[in-house]
Amino acid sequence: MGGQIAMHHELPAMNHQLSTKHMNRLNQLFEKKKNNLLSVYFTAGYPELNTTVDIAEALEKAGVDFLEIGFPYSDPVADGPTIQHSSQTALDNGMNLNLLFEQLADLRKRVSIPVLLMGYVNPMVQYGVERFCAKATEVGVDGVIVPDLPMYEYETLYKDCFAKHQLSNIFLVTPQTAEARIRKIDDLSNSFIYLLSSASVTGNSLQVSDVTETYFQRIKDLHLKNPTVIGFGIADQATFQKATAYANGAIVGSAFVKILGTSGYMEKIPEFIKSIKG
Amino acid sequence: MKYTVNEQGYYGDFGGAYIPEMLYPNVEELRQQYQQIIGDAGFKSEFDQLLKDYVGRPSPLYLAKRLSEKYGANIFLKREDLNHTGSHKINNAIGQILLAQRLGKKRIIAETGAGQHGVATATVCALMGIECVVYMGEIDMERQAPNVARMKMLGATVVPATSGSKTLKDATNEAMRDWIGNPVDTHYIIGSVVGPYPYPEMVAQFQSIISLETKKQLLEQTGKELPEYVLACVGGGSNAMGMFYHFLEDEQVKLIAVEAAGKGVDSGHSAATSVLGREGILHGSRTILMQTDDGQVVEPYSISAGLDYPGIGPQHAHLHKRQRAQYVNITDDESLQAGLLLSQLEGIIPAIESAHAFAYLEKMKFEKSDNVVICLSGRGDKDLSTYIKHFGF
């Protein structure tokens with residue numbers, strides 16, 4: 001792992017432009033559809049080990065626009081109890097990155113909507129970031145969301161690797177993120193920006209207040225180059241509509257993971273998605 | 001200055017600030033302001049005054065004659081156990097509460113393992129009249145019950161961490177989640193030299209008073225500022241970093257960091273991070289941690305709640321890699337024996353954490369003229385039930 005920190009030295013000097021618009025499935029989606037995009041998160045390996053692609057396929061059929069598949073981590077500090085639980089169950093079931101990539105080998109035979117992987121930085125670093133990016137692209141993943149990968153480390157260590165494999169890195173913006181930093185995130189992003197609805201871990205229901213609306217409006221008024229998608233606390237039709245009034249789309253996570261924790265979850269997927277989209 | 005932090009918060013390959021965006025404004029505020037705040041004359045004088053009149057510093061450097069006789073060297077104990085609240089943790093807690101006040105924070109959160117940092121934090125919050133919430137692993141709350149009661153008596157709210165191994169790492173996760181949800185009014189007082197930059201550096205600076213005093217006291221007592229050896233126990237590593245800090249550039253001083261081997265390094269029940277760990281990212285910094293091939297954090301084990309942590313601070317990872325300090329380990333049984341020995345030779349019952357450092361004396365060979373300093377980081381009151389159970393008193 002000593003090689004990880006020096007990894008950027010091992011890569012050929014590629015000088016990818018930040019603004020390089022490789023048109024992956026994400027870019028195509030955002031070109032085509034500007035409003036009411038619905039994304040759903042679920043943890044790979046939860047509640048059962050081998051249903052990852054089944055769930056993805058069912059979500060596409062139910063009308064979801066893009067997916068986030070979580071790779072589990074033992075210490076998910078940005079997550080509330082629901083996703084902590086799904087992550088631990090997935091690990092107990094035997095989920096790991098090797099297995100996830102095996103499962104995703106036939107992803108593109110069954111699923112055509114954009115797919116992102118979401119997880120924490122340590123499992124990715126242990127797998128090898130170069131290898132992770134290569135494998136993700138090979139199985140047809142379009143982007144990655146790693147909440148604890150900071151901008152400085154992304155830029156200095158991993159940006160070239162992501163670019164080489166045409167993977168989008170998705171940055172988060174919170175109500176506390178300063179405008180200059182949002183501008184920088186906008187420059188570094190090449191598919192969309194993930195807006196957190198509030199200062200919170202995942203799984204707390206969105207309380208739409210004047211403060212939240214002022215924040216959403218403030219971001220909207222920045223006229224960012226990248227589309228925005230709001231996540232954290234989107235649990236039903238009301239919160240979905242509120243979020244998509246200000247952003248191009250919204251992400252449902254914990255609320256869906258809760259459905260996965262009930263019996264007969266596969267059959268409940270269409271109904272749940274319908275309840276969000278209305 | 002090859003062992004200090006660079007502008008990006010790295011010690012060589014280790015450190016940085018691997019935090020979710022939700023924590024960025026808090027950590028960035030700290031990074032931008034802490035050096036200026038703690039460098040301010042008003043801060044320094046208040047800090048020094050509290051360390052003197054409230055904590056009772058300087059802590060004595062005590063030449064332990066009977067212990068010295070046994071091991072054939074001059075063994076000095078740096079008596080952090082005599083600090084108010086019973087350990088070195090108060091040094092950092094005082095520093096950070098003064099910092100939090102100057103940052104305008106109204107609420108303090110902390111994680112704790114053995115409860116020493118939790119008690120120190122609850123103490124300074126009582127002193128300053130600030131709300132205090134301490135996260136503590138459910139298992140640690142059972143094995144360190146007296147410290148839980150102390151925190152409550154001091155007015156703190158103690159919240160059990162019920163996820164994962166229900167020990168220090170999970171308490172740290174819960175504290176970080178709290179901070180994510182309360183980014184504006186809350187300061188997180190991390191208790192060790194771990195976490196995202198600037199924490200490891202800031203905590204080391206507050207704890208560096210230990211080695212600063214030691215140098216002065218050694219000069220007074222022996223005529224020489226530098227000892228041959230300096231020993232300290234390491235969980236996250238704050239007492240060790242404080243004890244090493246002003247000796248780092250004095251390369252002739254041998255620094256020995258003692259980790260907890262638990263039931264044995266290869267037993268599957270250990271917290272000997274430098275042996276069992278690999279480079280990775282834990283609690284916001286790139287360091288050495290115990291993990292699976294897949295990068296999942298492994299549950300550590302030690303009889304000592306304060307050493308029961310799967311990582312070490314990033315500066316320790318750097319000192320280990322650069323071989324500036326030697327990282328060794330001691331089992332549960334060896335540490336308890338050393339605790340008994342110190343009690344009966346010197347009349348001092350040490351915390352089981354600190355007893356790990358004393359146990360390593362058994363494995364060393366000294367010249368008669370060697371000066372050896374051991375950080376006696378805490379007193380053993382909180383561990384009496386463990387000692388009693390083991391020895392059947």
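Conventions used here
- Residues numbered from 1 in each chain as written.
- Chains lettered and ligands numbered in written order.
- Predicted model: local features only at pLDDT ≥ 70, side-chain atom pairs only at ≥ 80, totals over all residues.
- Heavy atoms only, no water.
- Pairing = 2+ DSSP bridges.
- Helix = DSSP H or I, 4+ residues; strand = E, 2+ residues; numbered from the N terminus.
- Axes fitted to C-alpha atoms, helices over the stretch in contact; angles between N-to-C directions.
- Core = buried A, V, L, I, M, F, W, Y, C linked by side-chain atoms within 4.5 Å.
- Buried < 20%, exposed > 50% of the residue type's maximum accessible area, 1.4 Å probe, protein only.
- Domains from an automatic or database assignment.
- Contact = heavy atoms within 4.5 Å.
- Right-handed = clockwise from strand over helix to strand, strands pointing away.
- 1 Å grid on protein atoms, 1.4 Å probe; cavity = no way out; pocket = protein on both sides within 12 Å on 5 of 7 lines; lining within 4 Å.
- Points joined across faces, edges and corners; volume = space filled by probe spheres on them.
- Nonpolar A, V, L, I, M, F, W, Y, C, P; charged D, E, K, R; others polar.
- Buried area = accessible area lost by both parts, 1.4 Å probe.
- Salt bridge = Lys/Arg side-chain N within 4 Å of Asp/Glu carboxyl O.
- Polar contact = N/O pair within 3.5 Å; in protein donor to acceptor, adjacent residues only side chain to side chain.
- Phe/Tyr/Trp six-rings, centres within 6.5 Å; stacked < 30°, edge-to-face > 60°.
- Lys NZ or Arg CZ within 6 Å of the ring centre and 35° of its normal.
- pLDDT = per-residue confidence, 0-100.

Enquirer: What should I look at first to understand the sheet that holds strand E5 (residues 107-112) of chain B in this one?
Expert: Strand pairing in a sheet relies on backbone hydrogen bonds. The paired strands run either parallel or antiparallel. All names here are of chain B. With parallel pairing, the 4 strands of this open sheet are ordered in space as E7-E6-E5-E8. Every other strand in the sheet has two partners, leaving strand E7 (157-161) and strand E8 (186-189) as the edge strands with one partner each. Here the average twist between neighbouring strands, direction ignored, is 25°. When strand E6 (residues 131-137) meets E7, the two strands line up parallel, connected through 5 bridges. If you follow Met-136 over to E7, its bridge partner there is Pro-160.

Enquirer: Would you explain the nonpolar core in this entry?
Expert: Within soluble globular proteins, side chains that are nonpolar generally end up buried alongside one another. Membership of the largest hydrophobic core comes to 191 residues, with the highest contact counts inside it found for Leu-59, Tyr-194 and Phe-256 of chain A together with Phe-244 of chain B. The element contributing the most residues to this core is helix H4 (residues 89-102) of chain B, with 7 residues. Of the domains in this structure, domain 1 (10-50 + 89-203) and domain 2 (56-87 + 207-391) of chain B are the two that each give at least three residues to this core. When residues no more than four places from it in sequence are discounted, the contact partners of Leu-59 of chain A are Val-40, Phe-42, Val-64, Leu-67, Phe-256, Ile-269 and Ile-273 of chain A. Core analysis: the next-biggest nonpolar cluster, separate from the first, contains 30 residues, Leu-67, Ile-75, Leu-345 and Ala-357 of chain B among them.

Enquirer: So what exactly am I meant to see when it comes to the pairing of strand E7 (residues 193-196) of chain A here?
Expert: In regular strands, side chains alternate between the two faces of the sheet. All names here are of chain A. Side-chain alternation along E7 places Ile-193 and Leu-195 on one buried face and Tyr-194 and Leu-196 on a second face that is also buried. Inspection of the sheet shows strand E6 (residues 172-173) paired to E7 by 2 bridges, in the parallel sense. Each residue of the ladder has a partner; that of Leu-172, found in E7, is Tyr-194. Note that the unit made of E6, helix H11 (residues 179-188) and E7 has a crossover that is right-handed. Across 4 bridges, E7 lies against strand E8 (residues 228-231) in parallel orientation. Along E8, the bridge assignment pairs Ile-193 with Thr-228.

Enquirer: Looking at this model, I keep getting lost on empty space enclosed by the protein. Mind explaining?
Expert: Any space left empty among the atoms is revealed by the rolling of a water-sized probe across them. Residue and element names in this part refer to chain B. Enumeration according to the criterion identifies 5 cavities of 30 Å³ or more in this entry. Counted as a void, the largest cavity has a volume near 350 Å³. Taken together, 30 residues form the lining of the largest cavity, with His-88, Lys-89, Leu-168, Ser-238 and Gly-306 sitting closest to its centre. Only E5, helix H5 (116-128), helix H8 (168-181) and helix H11 (238-244) provide two or more residues apiece to the lining of the largest cavity. Each residue belonging to the lining of the largest cavity can be placed in one class, and the counts come to 8 nonpolar, 18 polar and 4 charged.

Enquirer: What is the right way to read the layout of surface pockets from this model?
Expert: By volume, the largest pocket is sized at about 570 Å³. The wall of the largest pocket is formed by 28 residues, among which Pro-150, Met-151, Tyr-152 and Arg-181 of chain A together with Tyr-24 of chain B lie closest to the centre. Contributing elements (two or more residues each) for the lining of the largest pocket: helix H10 (151-164), strand E5 (168-170) and H11 of chain A together with helix H1 (24-39) of chain B. Among the residues making up the lining of the largest pocket, the classes are represented as 17 nonpolar, 3 polar and 8 charged.

Enquirer: Honestly, the interface of chain A and chain B in this entry has me stumped. Any pointers?
Expert: Much of the literature gives interface size as the accessible area that the parts lose upon coming together. Contact with chain A, which involves 41 residues of that partner, is made by 37 residues of chain B. Across the interface of chain A and chain B, roughly 3000 Å² is buried in total on both sides, 56% from carbon and sulfur atoms. Between the two partners, chain A and chain B, sit 2 salt bridges. Residues Lys-169 of chain B and Asp-75 of chain A are paired through a salt bridge, measuring 2.7 Å at the closest nitrogen-oxygen approach. Taken together, chain A and chain B are joined by 18 residue pairs in polar contact (both at pLDDT 80 or more). It is helix H8 (residues 121-127) of chain A that contributes the most residues to the side of chain A that touches chain B, 5 residues altogether. Here the residues of the side of chain A that touches chain B sort into 25 nonpolar, 11 polar and 5 charged.

Enquirer: How do you make sense of the packing of aromatic side chains when you look at a structure like this?
Expert: Two numbers describe a pair of aromatic rings. These are the distance of the centres and the angle of the planes. Going through the model one piece at a time under the given rule, you end up with 22 aromatic pairs over all chains. Connected via pairs of aromatic rings, a cluster forms that spans Phe-71, Phe-101, Tyr-127 and Phe-132 of chain A. The ring of Tyr-127 of chain A has Arg-131 of chain A sitting right over it, with the charged end atom 3.9 Å from the ring centre. The residue whose ring lies beneath Lys-263 of chain B is Tyr-301 of chain B, and the NZ or CZ to ring-centre distance is 5.1 Å.

Enquirer: Got a minute to help me understand the domain arrangement of chain B in this structure?
Expert: All names here are of chain B. Assigned domains within chain B: domain 1 (10-50 + 89-203) and domain 2 (56-87 + 207-391). One C-alpha centre belongs to domain 1, the other to domain 2, and the line joining them spans 22 Å. Across the boundary between the two partners, domain 1 contributes 39 residues, which contact 43 residues of domain 2. The largest share of the area that domain 1 buries against domain 2 comes from Phe-14, Asn-91 and Lys-169, three residues that together contribute 21% of it. Summed over the shared surface of domain 1 and domain 2, the result is 2 salt bridges. The closest approach of N and O atoms between Arg-143 and Asp-308, which form a salt bridge, is 2.7 Å. For the interface between domain 1 and domain 2, the tally reads 19 residue pairs in polar contact (both at pLDDT 80 or more). If you list the elements that add at least two residues to the side of domain 1 that touches domain 2, you get strand E2 (14-15), H4, H5, helix H6 (138-143), H8 and helix H9 (199-207). Among the elements that take part in the side of domain 1 that touches domain 2, H8 stands out by supplying 5 residues, more than any other. Of the residues belonging to the side of domain 1 that touches domain 2, the class tally is 15 nonpolar, 18 polar and 6 charged.

Enquirer: Explanation requested: the confidence of the model for chain B in the structure shown.
Expert: Reading fine detail from the predicted coordinates is not recommended where pLDDT is low. On average, chain B scores 96 in pLDDT, and the residues at 70 or more come to 100%. The complex prediction reports pTM at 0.94, with the ipTM value standing at 0.93.

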